[in-house]
Amino acid sequence: MRPVGILGGMGPQATVLLMQKVLDAVPAQDDADHVPLIVHQNPAVPSRIAALIEGTGPSPLPVLQDMAGDLAAAGATALAMPCNTAHHYAAGIRAASELPFLDMLSATARALADKGRIGILASPATRLTGIFDHYLDAPYTAPPDDAPLLEMIRAIKAGAPPQQILPALTEQARRLQERTDHILIACTELSLAAPLLPPDLAWTDSLDCLVGRIVAHAAQVD
């Protein structure tokens with residue numbers, strides 16, 4: 001297994017969730033069968049919302065580039081980043097590192113290729129910067145009001161349990177279900193509550209798509 005470096009801390013719980021999902025994705029018989037992860041859990045990465053939407057904070061890119069360098073020096077053979085919005089800076093990370101970047105958004109687009117009309121539940125920064133526009137073949141539908149999503153994301157970042165945001169997440173998903181065929185969970189804070197959604201909702205989580213890329217790279221099945 002080749003070690004993968006994780007640009008983490010955006011947010012911390014989402015990074016821990018990614019690690020657990022990678023563990024669960026490998027049919028291991030012993031410790032040595034698992035994917036080696038080198039995790040840079042850096043909650044000091046500048047706010048993506050402040051930088052991209054509010055215009056009140058510094059760019060996260062220099063910090064992300066430094067993290068990529070740290071992970072390379074630690075022995076990572078590829079980079080992965082469990083934050084949809086931070087993929088706005090993916091080109092800058094690639095420019096600063098010779099390591100392959102396991103792109104969560106491209107992996108997600110492949111998983112959605114035959115899912116029909118897509119409804120997206122994401123950070124306002126993910127939607128307003130249009131980073132998924134370059135990956136999805138057809139226009140997607142988002143909730144008309146960003147406020148409930150932002151409230152859920154901030155609640156998780158403040159330590160709320162996933163069950164606390166489940167009613168609001170279910171409501172937003174139901175509204176999208178009326179106008180779309182499939183829902184994309186495109187915020188890794190929302191990923192914490194996604195498995196609790198009612199079973200009749202059809203959804204794909206971008207974090208699960210990244211897990212697939214990480215395991216494939218680690219096992220050298222690129």
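Note that the coordinates shown come from a computational prediction; the quantities given were computed from them, not determined experimentally.

Caption draft 1: Representation of the pairing of strand S1 (residues 4-8). Burial of S1 is extensive: five of the five residues sit out of reach of the surface. The alternating pattern of S1 places Val4, Ile6 and Gly8 on one face and Gly5 and Leu7 on the opposite face, and all of these are buried. In the sheet, S1 pairs with strand S2 (residues 37-41) via five bridges, with the strands oriented parallel. Looking across to S2, one finds that leucine 7 is bridged to histidine 40. A crossover connection joins S1 to the parallel S2 through helix H1 (residues 12-25); in handedness this β-α-β unit is right-handed. Strand direction decides the pairing type here: S1 and strand S3 (residues 79-80), joined by two bridges, are parallel. If you follow glycine 5 over to S3, its bridge partner there is leucine 79.

Caption draft 2: Focus on the sheet that holds S2. Reading across the sheet, the four strands line up as S2-S1-S3-S4 and stay open at both edges, with parallel pairing between neighbours. Taken across any chain shown, the strands that pair with only one partner, and hence form the sheet edges, are S2 and strand S4 (101-102). Relative to S1, helix H3 (residues 61-73) is tilted by about 155°, and along the sheet it contacts S1, S2 and S3.

Caption draft 3: Broad picture of the side chain of histidine 182. Tracing the sequence through the fold places histidine 182 in strand S6 (residues 182-186). The exposure class assigned to histidine 182 is buried, which follows from its relative accessible area of 8%. Sequence-distant contacts of histidine 182, defined by excluding residues within four places in its chain, comprise Leu112, Lys115, Arg117, Ile118, Gly119, Ala202, Trp203 and Thr204.

Caption draft 4: Broad picture of the nonpolar core. Core analysis: the largest hydrophobic core is formed by 38 residues, its most contacted members being Leu18, Leu121, Leu190 and Ile214. At the level of secondary structure, the elements contributing two or more residues to this core comprise S1, H1, helix H7 (147-157), helix H8 (162-177), S6 and helix H9 (206-218). Per element, the largest residue contribution to this core is six residues, and it comes from H9. In this structure, Leu7, Leu64, Tyr89 and Phe101 belong to the second largest nonpolar core, which totals 17 residues.

The rules we used
- Residues numbered from 1 in each chain as written.
- Predicted model: local features only at pLDDT ≥ 70, side-chain atom pairs only at ≥ 80, totals over all residues.
- Heavy atoms only, no water.
- Buried < 20%, exposed > 50% of the residue type's maximum accessible area, 1.4 Å probe, protein only.
- Helix = DSSP H or I, 4+ residues; strand = E, 2+ residues; numbered from the N terminus.
- Pairing = 2+ DSSP bridges.
- Right-handed = clockwise from strand over helix to strand, strands pointing away.
- Contact = heavy atoms within 4.5 Å.
- Axes fitted to C-alpha atoms, helices over the stretch in contact; angles between N-to-C directions.
- Core = buried A, V, L, I, M, F, W, Y, C linked by side-chain atoms within 4.5 Å.

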